[in-house]
Amino acid sequence: MEFRKHELANGLSIVAECNPDAHTTATGFFVNTGARDETDEVAGVSHFLEHMMFKGTPTRSADDVNREFDEMGADYNAFTSEENTVYYATVLPENQDRAVGLLADIVRPSLREDDFNTEKQVIIEEIRMYADQPPFGADDKIRARHFAGHPLGRSVLGTVDSVGGLAVDQMRDYFRRRYSPGNMTLVAAGRVDFDRLVGLAERICGGWETVATDRAVPAHASHAGFEALVKDSSAQEYIMQLANGPSATDPERFAAKLLAVIVGDDSGSRMFWELVDSGLAESASLAHHGYQGAGLFMSYLSCDPENAEDNLRRVEEIFCRVEREGVTPAELATAKSKTSSRVVLSGERPRGRLFNVGLNWLNRREYRSVKDDLDAIDGVTVEQIAGVLRRWPLSQTTTVAIGPLATMKAP
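Residues numbered from 1 in each chain as written. Predicted model: local features only at pLDDT ≥ 70, side-chain atom pairs only at ≥ 80, totals over all residues. Heavy atoms only, no water.

Peer 1: How should I be thinking about empty space enclosed by the protein in this particular structure?
Peer 2: Any empty space left between the atoms is revealed when a probe the size of a water molecule rolls over them. With the rule as written, the count across this model stands at 1 cavity of 30 Å³ or more. Computed from the structure, the largest cavity encloses a volume of approximately 40 Å³. Around the largest cavity, the lining residues are Ile 239, Gln 241, Met 271, Ser 299, Tyr 300, Leu 301, Leu 312 and Val 315. Broken down by secondary-structure element, the contributors of at least two residues to the lining of the largest cavity are strand S8 (237–244), strand S10 (294–303) and helix H11 (308–325). With 3 residues, S10 is the largest single contributor of residues to the lining of the largest cavity. A per-class count over the lining of the largest cavity returns 6 nonpolar, 2 polar and no charged. (1 Å grid on protein atoms, 1.4 Å probe; cavity = no way out; pocket = protein on both sides within 12 Å on 5 of 7 lines; lining within 4 Å. Points joined across faces, edges and corners; volume = space filled by probe spheres on them. Helix = DSSP H or I, 4+ residues; strand = E, 2+ residues; numbered from the N terminus. Nonpolar A, V, L, I, M, F, W, Y, C, P; charged D, E, K, R; others polar.)

Okay, here's the thing in structure tokens:
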């Protein structure tokens, strides 16, 4: 296993974890852009642009793009988040050049106005679909409330109004600024011929225009509050809570992730035994998410409406108890085993390593091997978790409930 890196003259970074014993090659373009980099006027443009990448290039039609991926037998896709947009494919090693060439072509799309107008309707229907199915847009609503006025409060999808009002020239301008090579990284993992990768990138990507790009990372003020919204068509009550947590660069992020496993993993956690195993709730969980300059603990609860207030009180009691008493060495040992197993299982496949290598590079400009992560997990102590709870108490939350309840009391 070898980590290698290179940077083109135009600023495009190339990083790879090369494993000669792997049977596949995973590669992708990681773009340092997402919902937090937008404005109110163009909210949703990052996700919309992701769709447009597959609508054709100056040298390929949309059918050509899909056909060529299929001819390689590629496992390919893309996603957009608050901070990143990623285009990736996993192929047999002999198709490395072809996969990289195709990915490089689609991230320089035609952005034709006819395609733009057609896909706009697809995006608007997607926004309406998410608003009309559980948890009925609760995640967007709670982020907007918790991050009031902060870039991380933006919806990845945008709104019907913002997407509906978007002009193709606005998208083209956003693309030119945010898809500059200095704001992108070509990532590979698995059986990678790194010298060929660099040579191909030089030929295909070396002429891309360089544009100065930055990202605002303002401080995030603490927010807390409670809001209950009525959705008559819902059969269940859905409750989401956000509490502040370590950022993507904070060394306490490993302790935060183990804390979330202890308190709210989807099996064997305090929330699971109290709420799910007992039959009081269909789902109850807690997870940690780290971003640049901010972090979150996000809890999720779904249950029968008649149990909602009592269940929310139970969640509050779980949070307050762990803040008061901490976690036990036995709980921490179990959480380490579960988390380490997940790290190893994900790392057995080049595609899993692709995301780990790529997102580590975007967030921290560092390479972390599987062993690095396992050592960091193993090094977390009960005292460190207590420190996380003192600095970022779980009970100081923004809460949004959506369901059929006309009234609901805060715990």
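Don't stop here, the text continues.
Peer 1: Would you take a moment to explain the sheet that holds strand S7 (residues 225–230) for this structure?
Peer 2: Backbone-to-backbone hydrogen bonds pair the strands of a sheet. The strands run either parallel or antiparallel. The strand order S7-S11-S8-S10-S9 describes an open sheet built from 5 strands, whose pairing is mixed. Sheet topology places S7 and strand S9 (283–291) at the edges, where each strand pairs with a single neighbour. Averaged over all adjacent pairs, the angle separating strand axes in this sheet is 15°, with direction ignored. Where S8 lies against S10, 8 bridges are found, and the strand directions are antiparallel. Residue pairing across strands places Asn 244 opposite Leu 296, the latter belonging to S10. (Pairing = 2+ DSSP bridges. Axes fitted to C-alpha atoms, helices over the stretch in contact; angles between N-to-C directions.)

Peer 1: Before we go on, may I ask you to explain the nonpolar core in this structure?
Peer 2: When a protein is soluble and globular, its nonpolar side chains tend to lie buried together. If you look at the biggest cluster of nonpolar residues, it comprises 53 residues, and the most contacted ones within it are Phe 29, Phe 69, Tyr 87 and Met 171. Not counting residues up to four positions away in its chain, the partners in contact with Phe 69 are Phe 54, Ala 74, Tyr 76, Ala 89, Leu 102 and Leu 103. Formed by 37 residues, the second largest nonpolar core is a distinct cluster that contains Phe 254, Leu 258, Leu 312 and Leu 389. (Core = buried A, V, L, I, M, F, W, Y, C linked by side-chain atoms within 4.5 Å. Buried < 20%, exposed > 50% of the residue type's maximum accessible area, 1.4 Å probe, protein only. Contact = heavy atoms within 4.5 Å.)

Peer 1: Looking at this structure, I do not really get the packing of helix H9 (residues 253–264) against helix H15 (residues 382–391). What am I missing?
Peer 2: Angle between the axes and distance between the axes are the two parameters that describe a pair of packed helices. H15 packs onto H9 with a crossing angle of 90° between their chain directions and a minimal axis gap of 9 Å. It follows from the interaxial angle that H9 and H15 lie roughly perpendicular. Along the contact surface, H9 presents Ala 255, Ala 256, Leu 258, Leu 259 and Ile 262, while H15 presents Gln 384, Ile 385, Val 388 and Leu 389. Tallied by class, the residues present in the contact of H9 with H15 amount to 8 nonpolar, 1 polar and no charged. (Parallel < 35°, antiparallel > 145°, perpendicular 65-115°, else oblique.)

Peer 1: Which parts of the structure should I look at to understand the layout of surface pockets?
Peer 2: One number sums up the size of the second largest pocket: a volume of about 250 Å³. Around the second largest pocket sit 18 residues that line it, and His 220, Ser 222, Asn 244, Gly 245 and Trp 392 are the ones nearest its centre. Contributing elements (two or more residues each) for the lining of the second largest pocket: S8 and S10. Here the lining of the second largest pocket is composed, by residue class, of 6 nonpolar, 10 polar and 2 charged.

Peer 1: Can you help me understand the environment of His 223 in this one?
Peer 2: Along the polypeptide, His 223 turns up in the loop between helix H8 (194–205) and S7. For His 223, a relative accessible area of 27% translates into the label partly exposed.

Peer 1: Where do I start with the packing of aromatic side chains in this structure?
Peer 2: Evaluation of the coordinates by the stated rule reveals 14 aromatic pairs. Centre to centre, the rings of Phe 48 and Phe 116 are 4.9 Å apart; their planes meet at 10°, and the pair counts as stacked. Remark: Phe 116 occurs in helix H4 (residues 113–131) and Phe 48 occurs in helix H1 (residues 45–52); sequence separation between them is 68 residues. Exposure remark for Phe 48: the relative accessible area of 0% places this residue in the buried category. Centroid distance Phe 79 to Phe 355: 5.9 Å. Interplanar angle 70°. Geometry classified as edge-to-face. On the criterion of sequence distance, the pair formed by Phe 79 in strand S4 (residues 75–80) and Phe 355 in helix H13 (residues 350–364) is long-range, its members being 276 residues apart. The exposure class assigned to Phe 79 is partly exposed, which follows from its relative accessible area of 28%. (Phe/Tyr/Trp six-rings, centres within 6.5 Å; stacked < 30°, edge-to-face > 60°.)

Spatial relationships are all this shows, so hold off on functional conclusions.
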